[in-house]
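Structural overview for review
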Amino acid sequence: MKSFFKSLYLSDRIYIAAAIIIVFFVIGYYVSLFYAAGKVLLLILASLVIIDILLLYNSSVFKIKAKRRLPAKLSNGDDNKIDIYIKNNYKFSVYTEIIDEIPFQFQKRDFLIKKKLGTGEEVTLNYILRPVKRGEYSFGNLNIYVSDFIGIIKRRFIFDNNAKVPVYPSFIQMQKYEIKAVSNNLSDYGIKKIRKISNNREFEQIKSYVAGDDFRTVNWKATARRSQLMVNQYQDEKAQRIYSIIDMGRTMKMPFEGMSLLDYAVNAALVISNIALKKDDKAGVITFSKSIHSIVPADKKNNQISKISEVLYKQQTNYDEANFELLYTTVKRKITQRSLLLVYTNFEGFVSLERQLKYFKQLSKNHLVVVIFFKNSELNKLTEHKAKTTLDIYNKAIAEKFKYEKQLIVKELKKNGVFSVLTEPQNLTVETINKYLEMKATGLF
Amino acid sequence: MNKKDIKYYIFIVLILTVTIIVEIYKPKPVNWDFTLEQKDKIPYGTYVIFNTLDEVFPGKKTEVNKKTIWEFFKKKDKTLRNVIFISESFDVDKTETAVLLNLAKEGNNIFISAHSFGKSLSDTLRFSTKYSSLYDTVSFLNFYNKNLKRTSPYKYKKFAGLKFFDKTNNSDVELLAFNKDKNPVFFRQKYGDGFFYISCVPEIFTNYAVVTEKNYDFAYKMLSYLPVRETVWDEYYKPFRKINKNSLSYLLSQDSLKDAYFLLILFTLLFAFFTAKRKQRIIPVIKPYKNKTIEFVKTISSLYYKSKNHKDIARKIIIFLNSFIKNKYNVNIIDNESIDIEKLSEQTGINSELLKKLFFYLSKINKLENISENQLAEINRTAEKIYEQAK
């Protein structure tokens, strides 16, 4: 009985009907015919309610079957598809309203999917979730409100209580770019082909000459031995070390499209590590803010990418001021071989760069340093409109000044032999891959 | 019930209990409403006088009338009665006055005590009331009749500014009581076979006057002018009838309206129980981080704006424009004397007039100490146009 009352809901129709009957009664005060008609209507309404209840509650067995199909993990910053399977076992078609209790992080209070199901019909619906923070997400009940053709009452069915799903750094992007990187189709995503300069060639093997091979690579000694034309074959240099160094400090807290720069950087770091591993390089990760949070030494073992993914998933930060001095000493001690250091950080003004510049300069003596920082796309909101008042002109000029300073930072870094990538957060992954491929092709390390 | 919520329920119950206890035990404020109703035991009710009418009219029936007089007397036989009206403003219309006059003509006695009277009644009986010219907190009343008169007048402390009748020289009228200025406050007037007893001091009949002031016999003496007969006590022409609390009672007396009313309540309850209940779990508010870039820029720019250094801003605009053109076309426009405007215009697609304007400003701006707001706006407009055309 308790569950009956708990699962019983009334739809709007009953109140509309009641309102009409009340109006009839009030008119019935003047014209008694309406009073009688109202009484009849009330009787009809009452019997409809009883019929409706009997129809929907005729069996204690759940006549509706439903299931939420969750992936093992969600990908941060991407659209994740969630499936809902639902089957109608009633002997008539039903109208369902699905309210899924999605995790609090989405702050969505108006979730509603409406679907009509025929007799015995089963469907799989889906909806899209785009998480913007890593961490554990918890789903609540899957509520399904069922009404029949009368539509006066609704019965609630509850399924799939409490499911927990972790949100990982974007593995969807990782897989997307991985396939593209292997199949060399990256140009589809705006990734540039870099002309290969031959000085980074590493000898791979000697093979027989096939028409079309560059005859400048003919290996005469081998040809003499085998009395058949042999050529040297070269390949890209392998086993170079790529470190993604992520600043988890104050400046990385700024959100764009709901996601913080830190999470953009984490996603990009995962993608670039994966591509590096696919290209037979060694990938590693260092995260730091006030202190060093974690270090994954560069390696190319099979489980390296899952190791990196786990470490990146767990990164927690208080957004303290980043300590580049500590980063410098750590890198100096821990990374002994020349490596590509992709430093994800952010500078809003020229002054903040000046404080850290000496560390970058020192780092670039032993390593190839690429500083990756962000264009503030919010500033465009101020600069793209025409200024109407003097204050507008000031706002615009100051916004331009901040944009201009980022250009100055790029120049200053270049002057000091440090490479840099200045990108919008949304384009971070693509720009980073570009830089990596460029660095590899030019053989600077 | 959720275990977590139980403390809230306890809290609510506790507060309710405390409120109820406080409500029960707190001293009740005295109700000073001037109701003059027979069931009211408040100071200005007439509970005492009504319940002692038996002593004034021993052995006679007392009826309470809750309808208009014409409704009440429509169905009555012709027995002669006393009809007592104690009210604040006795606003009877023409029809009601006619009924009253008719009653008096037949030999009934009409006893009216009120502050003001319906115009048709006072016109017919030719009397009018006035306020005592002197507002005094103490009133003295006394009778003309030697047998009833007291040597020390009846003293009322609470009723200031009582009214009096300023009617004179009417042969039908017998004055019965007067106030301290010797103005009449109670008179009787013969009409047909009956009498009108009219006074303008209804306060005399209140519980307060009868019980507290120890002048109770004044009221009884006034009533004793009436013969011992069946008595009708009016409860209709009372000050508080107009805001009748029981308009709902009429609604409930009509079947269709009653049904509509109960249906409304029923569906309100149904709504509360079956539709307003929770459809999904509570989602706590999590505030997302805000990107405050725009606020930050606006704060900085307002600092610049306070110093009103337009020249500085103009130079900034030009520097950014220069860096834009330099990046795009590799031409430096600042401090470049040998620049060929026509060539630059061809190269960039920017109107040469516009470029000439720009260079005019460039040459001018350095010579000036500061520039005006209008000049700044002009420079900005030029820059905006150049950005537009260069795209």
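A tally of helices and strands in chain B yields 15 helices and 13 strands. Reported as C-alpha extents along the three principal axes, the dimensions of chain B are approximately 130 × 65 × 40 Å. Across the 391 residues of chain B, 44% fall into the buried class. Accessible surface, chain B: about 22800 Å² in total, of which carbon and sulfur atoms supply 56%.

This part covers the overall build of chain A. Along its length, chain A carries 12 helices and 21 strands. Taken over C-alpha atoms, the radius of gyration comes to 32 Å for chain A, far larger than the 22 Å a tight globule of 445 residues would show. Seen through its principal axes, chain A has C-alpha atoms that stretch 115 × 70 × 40 Å. Counting only residues that meet the buried cut, chain A has 52% of its 445 residues in that class. Counting only carbon and sulfur atoms, one obtains 53% of the accessible surface of chain A, whose full area is about 21600 Å².

A separate point is the sheet that holds strand β20 (residues 368-374) of chain A. What holds strands together in a sheet is hydrogen bonding between their backbones, with the strands either parallel or antiparallel. All names here are of chain A. Strand order in the open sheet made by the 6 strands is β18-β17-β14-β19-β20-β21, with mixed pairing throughout. Only two strands of the sheet have a single neighbouring strand rather than two, namely β18 (292-299) and β21 (419-423). Recorded for the sheet is a direction-independent mean angle of 15 degrees between the axes of neighbouring strands. In this structure, β20 lies alongside β21, joined through 5 bridges in parallel fashion. Opposite V371, over in β21, you have S420 as the bridge partner. Sheet strands in contact with helix α8 (residues 324-334) are β14 (241-247), β17 (282-288), β18 and β19 (339-344), and its direction is about 30 degrees off that of β18. Here helix α12 (residues 428-442) sits on the sheet and contacts β14, β19, β20 and β21; the angle it forms with β21, its principal contact strand, is near 155 degrees.

Conventions we followed
- Residues numbered from 1 in each chain as written.
- Chains lettered and ligands numbered in written order.
- Predicted model: local features only at pLDDT ≥ 70, side-chain atom pairs only at ≥ 80, totals over all residues.
- Heavy atoms only, no water.
- Helix = DSSP H or I, 4+ residues; strand = E, 2+ residues; numbered from the N terminus.
- Buried < 20%, exposed > 50% of the residue type's maximum accessible area, 1.4 Å probe, protein only.
- Areas by Shrake-Rupley, 256 points an atom, 1.4 Å probe, with all protein chains shown as cover.
- Rg over C-alpha atoms; globule rule 2.2 N^0.38 Å.
- Pairing = 2+ DSSP bridges.
- Axes fitted to C-alpha atoms, helices over the stretch in contact; angles between N-to-C directions.
- Contact = heavy atoms within 4.5 Å.

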